Amino acid sequence: MIVLQDISKHYGRVRANDSISLTLEPGRIYALVGENGAGKSTLMRILAGHTVPDSGTISMRGEVHPGLTPATAARLGVGMLYQDPLDFPALPVWENFRLSGPPRTRTQVVDRLGELSNHLGVCFLPEEPVTSMTVGERQLLELLRLLDLGATTLILDEPTTGITPEQKRGLFDLLARLARQQGHTVILVTHKLSEALEMADAIFVMRQGRLEARLTPPYDSTELVQRMFGDAATQSVDSALPETGQSSRVKLEEAIFAGPKYHLGPLNLSAAPGEIIGLAGLDGSGQELFLRGLCGLDRMPSGRLVLNEAGHTRTNFKTLRHEGVHFVPADRMSQALFPDLSIRDHILLAFPEHATRLEEFHQSQCVERFDLRAHPDTPAKDLSGGNQQRLLLSLIPDDAPLLLMEHPTRGLDAGSARQVWEHLRGRCASGATLFFFSPDLDEVIEHSHRVLVFFDRALVADVPRLNASVEILGALMAGKKPESAHVA
Ligand SMILES: Nc1ncnc2c1ncn2[C@@H]1O[C@H](COP(=O)(O)OP(=O)(O)OP(=O)(O)O)[C@@H](O)[C@H]1O
């Protein structure tokens, strides 16, 4: 049993954790929910020994600790799976798997990986570079690594982000088995209340650094939402979409995009200024390469990309960025931000022309427009998911004509997600074109003028908003062709 007693942690005047006490029992699955900045990550980092609390104690296996180190927490069986996997993408699967484990030969590591994978019903290719795996696969590998290290208390931060419904089912079954059969304690940090309601033996609700409630089944979902958000929960997202313009913002003519594993195309399509185009597809279906190809991160060996009426037969990231193409990846921390650089440093890099009046620019751009309330000296790695996304959006110039976003609301609570979408719709109303991918089909349908569906590494359909339903998109994503969809 783990007992957290009166845990407090302040960052300047921010009370990230305010006298939190809770008990975690073996064999149980807990959900930890709360809006962005509620203090969930801080509490979990304290439990994993990565953050030292200002006061309070943690009791584990009969020992009382005023603060844990990562090594002590790991020795006591605490393993934390971060939302952005902490792996080394350049290394192959087996080398990532053996990180921080005992010295072992490659054969021993591969055997152990095979044994655990087999036992848990998953599959990995030991030599595959992690860089070519999806976020979901990397999370699963990290989970296996933690289990191999002897973790019995598993903390998972938004574990279902970016994984398919089947992968999610598999993960949840696996977590249930680990809890029920092996007595592991599982803590799911999640914004998806349906997952908390489905999985948890108890739900801890955090709000503004405090433990607002501990709920047990039978759950009342209305109560849960109100405990998390208070009155803000009753406001719904405005689904009105802006009018689209006439001329074409971006056009692909027989374009082929080449990723490290496969090619996509030939692609022929165009998008107008003001248009919001959702991308739907199971992980690895081609939508990732589509966005990376459009911004020049992956190559276009043939075909043409016409941006603002200027044609390109070769693309590169730098040129397209210069022309106002901005890509915001799902993995914000490792692909979009510099973890150790502060908010101020990021602004300086993005807007060197404002160097002489940086304070003023930070106040108007980040605080007033984006409600980014963290101190400008805070390193990006210490920002909550919501604040990371606010920072990224504030770094995109107002006149950027083409925005490409992978899961714009990944890890954000309902309030922050609404804010992000208000901002994006505002940009599109002023003429920007947005392509975005989300694994949440409801989000895709709600915000898109039309939806491009990907299946098996190909663009298989271009569905107007009026025809887009979860059933139709779901069928197309699984390789079926419903009558009513216009096939690209
Ligand atoms: N290292 C840090 N330095 C300064 N402030 C911090 C640090 N870590 C967290 N905070 C602040 O503490 C508060 C709680 O943050 P925390 O990350 O724990 O929230 P959260 O509930 O996990 O949010 P999210 O769901 O967005 O990840 C926030 O206001 C955050 O900005």
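Residues numbered from 1 in each chain as written. Predicted model: local features only at pLDDT ≥ 70, side-chain atom pairs only at ≥ 80, totals over all residues. Heavy atoms only, no water.

The name recorded for the chain in an unreviewed UniProt entry is Nucleoside ABC transporter ATP-binding protein, from Desulfomicrobium apsheronum.

S.K.: What am I meant to see in the pairing of strand β20 (residues 458-464) here?
M.R.: Walk down a regular strand and you will see the side chains alternate between the two sheet faces. The element β20 is largely enclosed, with a buried count of 5 among its 7 residues. As paired strands, strand β19 (residues 450-455) and β20 are joined by 6 bridges and run antiparallel to one another. Bridged to valine 453 within β20 is alanine 461. Count of turn residues in the β19/β20 antiparallel hairpin: 2 residues, of which aspartate 456 carries a positive phi of about 50°. (Buried < 20%, exposed > 50% of the residue type's maximum accessible area, 1.4 Å probe, protein only. Helix = DSSP H or I, 4+ residues; strand = E, 2+ residues; numbered from the N terminus. Pairing = 2+ DSSP bridges.)

S.K.: Help me understand the site of the ligand in this model?
M.R.: Residues in contact with the ligand amount to 17 residues; listed here are only the nearest, Asn36, Gly37, Lys40, Ser41 and Thr42. Between the ligand and threonine 42, the relevant distance is 2.6 Å, taken from an oxygen atom to a side-chain nitrogen or oxygen of the residue. One of the backbone nitrogen or oxygen atoms of glycine 385 is found 3.1 Å away from an oxygen atom of the ligand. Contributing elements (two or more residues each) for the shell around the ligand: β2 (14-24), α1 (40-47) and α14 (385-394). Class assignment of the residues belonging to the shell around the ligand gives a composition of 4 nonpolar, 9 polar and 4 charged. (Near = heavy atom within 4 Å. Polar contact = N/O pair within 3.5 Å; in protein donor to acceptor, adjacent residues only side chain to side chain. Nonpolar A, V, L, I, M, F, W, Y, C, P; charged D, E, K, R; others polar.)

S.K.: What am I meant to see in the environment of arginine 465 here?
M.R.: By secondary structure assignment, the location of arginine 465 is in the loop between β20 and α17 (470-477). A distance of 3.3 Å separates a polar side-chain atom of arginine 465 from the backbone oxygen of serine 448.

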